[in-house]
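Notes for the structure review
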Amino acid sequence: MNIIPVPRVAVIVVAAGSGTRLGASAPKAFVGIDEHSILRHALDGVASAPSAQVVVVVPAGREGDARTEAEAAFGDRSDLVSVVTGGDTRQRSVAAGLAALWADVECVLVHDAARALTPPAVFARVIDEVMRSRAGVVPARPVVDTLKRVDGAVVTAAVDRSPLVAAQTPQGFPRELLVTAYADAVDEHTDDAALFAAAGHRVRTVAGDDLSFKITTPADLDRARHLLTPSRAASVVPRIGTGTDVHAFGGDGPLRLAGLEWPGESGLSGHSDGDAVAHAIVDAVLAAAGLGDIGTHFGVDRPEYAGATGTVFLRRVRDLVAEAGYAIGNVSVQVQANRPRMAGRRVEAESVLSDALGAPVAVSATTTDGLGFTGTGDGVQATAVALVYPLR
């Protein structure tokens, strides 16, 4: 058993934003940069930084997805991570993160998941300066653009940029001072350092990093993708995944297989509806996109999927893959069973499965000549192969 040291540092990763300016169909933190989401890249950076409690703040309904990303990033250290639901403003989301801190935390870092490529060294610099100075600490970069003051479209004056810096995250603070500042705050502030300063506390700076830019617009997302995938030729190579699923006869209710109900046939047992065909497709698609497996996203620890149909799984995996920056090319799935007889409903099954997945699904079927559990009629097995390709 691993003994995890109790840290005195905590990192609140704010990932509750809608990402309206990014123009994505999912909350910004769950949009894919490459095979991984913005949130996963942010958590990879936090996991490589000095050891800390980590609180991830996400929109309502995305808590399970965030937990999956955290487990992938932290591995056997995932006990350090908790996931909480954010509020309707950034300030309320940070307050929710503060409420989840362990009692002995002394230094709190607040980090925007949208600054997904922030190097671990920035976290270390902020922590060291907070512990040394007991002040608020902001990583910052010099302003390099020439600045102008304007009235409408008319330039009225030049602005001296020498005393200006561009603030980044993670921003660090002594825990008690930040908690008190949040409790007393009346106005909304643009960042935590502004709220902290408004409470009368000092804020210092340390060196930030050019990689700590904030992913806000589609152009920012393209920049992040370019940095992570220098070779465009390599980035457009499609990916292939395989999946296999097996379920035994004996479940309650009618048989559901290949997205269809089969009257007069015994049901398959399982946490959901036991649709081995749909489940094999899910596993193949997730494997192709590098997103784990069906147990990761729909396992028995997810009660909301108890009894769910295979088409529900397919629609959800379709969204997961899109958020990770991939599109599904096509899927081929083979059913191995003595019954039901697929031939008469193959085209119908292909239509239902393709509609749910949002990509062509080809279905075939075979028997095993009386061999094995499928040959004796004890269950159904399905094997699928899926192709996905990056959205570039």
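Check the entry above for the structure.
A brief structural summary. Quick caveat, the model's predicted, so the values are computed rather than measured.

To continue, consider the nonpolar core. Membership of the largest hydrophobic core comes to 48 residues, with the highest contact counts inside it found for Leu257, Val277, Ile281, Val285, Val331 and Leu357. A per-element tally of this core places helix 9 (residues 276–289) first, with 11 residues. The contact partners of Leu257, leaving out residues within four places of it in the chain, are Trp262, Leu268, Asp275, Ala276, Val277, Val335, Pro340, Met342 and Val380. Among the nonpolar cores identified, the runner-up in size contains 41 residues, and Leu39, Val137, Phe213 and Ile215 belong to it.

We now examine the sheet that holds strand 13 (residues 326–336). Pairing within the open sheet is mixed, and its 5 strands lie in the order 12-11-15-13-14. Each end of this open sheet is capped by a strand with a single partner; those strands are strand 12 (260–268) and strand 14 (361–366). Taken over all neighbouring pairs, the strand axes of this sheet differ in orientation by 35° on average, direction set aside. Sheet topology note: the strand 13/strand 14 ladder contains 6 bridges and is parallel. If you follow Val331 over to strand 14, its bridge partner there is Val361. The strands that helix 12 (residues 346–357) touches are strand 12, strand 13 and strand 14; relative to strand 14, the one it contacts most, it runs at about 140°.

On to the packing of aromatic side chains. For the structure shown, the criterion picks out 2 aromatic pairs. The interplanar angle of 50° and the centroid separation of 4.9 Å between the aromatic rings of Phe173 and Phe196 together place this pair among those described as tilted. In this pair, Phe173 sits in strand 9 (residues 171–174) while Phe196 sits in helix 6 (residues 192–198), placing the two residues 23 residues apart along the sequence. A residue is classified by how much of its surface remains accessible, and Phe173, at 0% relative accessible area, is buried. Taking the relative accessible area as the measure of exposure, Phe196 reaches 0% and is therefore buried.

Let us now look at the side chain of Thr216. In this fold, Thr216 is placed in the loop between strand 10 (203–207) and helix 7 (218–228). Under the relative-accessibility criterion, Thr216 is labelled buried at 13%. Non-local contacts of Thr216, meaning those with residues more than four positions away in its chain, are made with Arg21, Leu22 and Lys28.

What follows deals with the packing of helix 11 (residues 310–323) against helix 12. Helix-helix packing is characterised by the crossing angle of the two axes and by the distance between the axes. At a minimum axis distance of 7 Å, the contact between helix 11 and helix 12 shows a crossing angle of 35°. Judged by residue contacts, Thr311, Leu314, Arg315, Val317 and Arg318 of helix 11 engage Val352, Leu353, Asp355, Ala356 and Leu357 from helix 12. The class makeup of the residues in the contact of helix 11 with helix 12 is 6 nonpolar, 1 polar and 3 charged.

As enumerated under the stated definition, the model contains 16 salt bridges in all. In this structure, Arg204 and Glu129 form a salt bridge, with 2.8 Å as the shortest nitrogen-oxygen distance. One end of the pair, Arg204, is in strand 10; the other, Glu129, is in helix 4 (residues 120–133), with 75 residues separating them in the sequence. Salt-bridge contacts for Glu348 lead to Arg345; the nearest nitrogen and oxygen are separated by 3.0 Å.

Among the 6 residues of strand 4 (residues 107–112), 6 are classified as buried, and the element is accordingly described as predominantly covered. Residue alternation in strand 4 divides its side chains into two sets, Cys107, Leu109 and His111 and Val108, Val110 and Asp112, and both sets are buried. The pairing of strand 1 (residues 9–14) with strand 4 spans 6 bridges and is parallel. Considered in strand 4, the bridge of Ile12 is made with Val110. Strand direction decides the pairing type here: strand 4 and strand 9, joined by 4 bridges, are antiparallel. Pairing of Leu109 across the sheet is with Gly172, part of strand 9.

Attention now goes to unusual backbone geometry. A cis amide bond links Thr169 to the next residue, Pro170, at an omega of 10°. Structurally, the position occupied by Pro170 is in the loop between strand 8 (165–167) and strand 9. The linkage connecting Arg339 with the following residue, Pro340, adopts the cis geometry, with an omega of 0°. Take Pro340: it is sitting in the loop between strand 13 and helix 12. Notably, Ala258 is not glycine yet its phi reads approximately 60°, a positive angle. As for its position among the elements, Ala258 is in the loop between strand 11 (239–257) and strand 12. A relative accessible area of 0% places Ala258 in the buried class. Unlike most non-glycine residues, Asp369 shows phi in positive territory, near 50°. With respect to the element layout, Asp369 can be found in the loop between strand 14 and helix 13 (372–375). Looking at Asp369, the relative accessible area reads 72%, which means it is exposed.

Cut-offs applied
- Residues numbered from 1 in each chain as written.
- Predicted model: local features only at pLDDT ≥ 70, side-chain atom pairs only at ≥ 80, totals over all residues.
- Heavy atoms only, no water.
- Core = buried A, V, L, I, M, F, W, Y, C linked by side-chain atoms within 4.5 Å.
- Buried < 20%, exposed > 50% of the residue type's maximum accessible area, 1.4 Å probe, protein only.
- Helix = DSSP H or I, 4+ residues; strand = E, 2+ residues; numbered from the N terminus.
- Contact = heavy atoms within 4.5 Å.
- Pairing = 2+ DSSP bridges.
- Axes fitted to C-alpha atoms, helices over the stretch in contact; angles between N-to-C directions.
- Phe/Tyr/Trp six-rings, centres within 6.5 Å; stacked < 30°, edge-to-face > 60°.
- Nonpolar A, V, L, I, M, F, W, Y, C, P; charged D, E, K, R; others polar.
- Salt bridge = Lys/Arg side-chain N within 4 Å of Asp/Glu carboxyl O.

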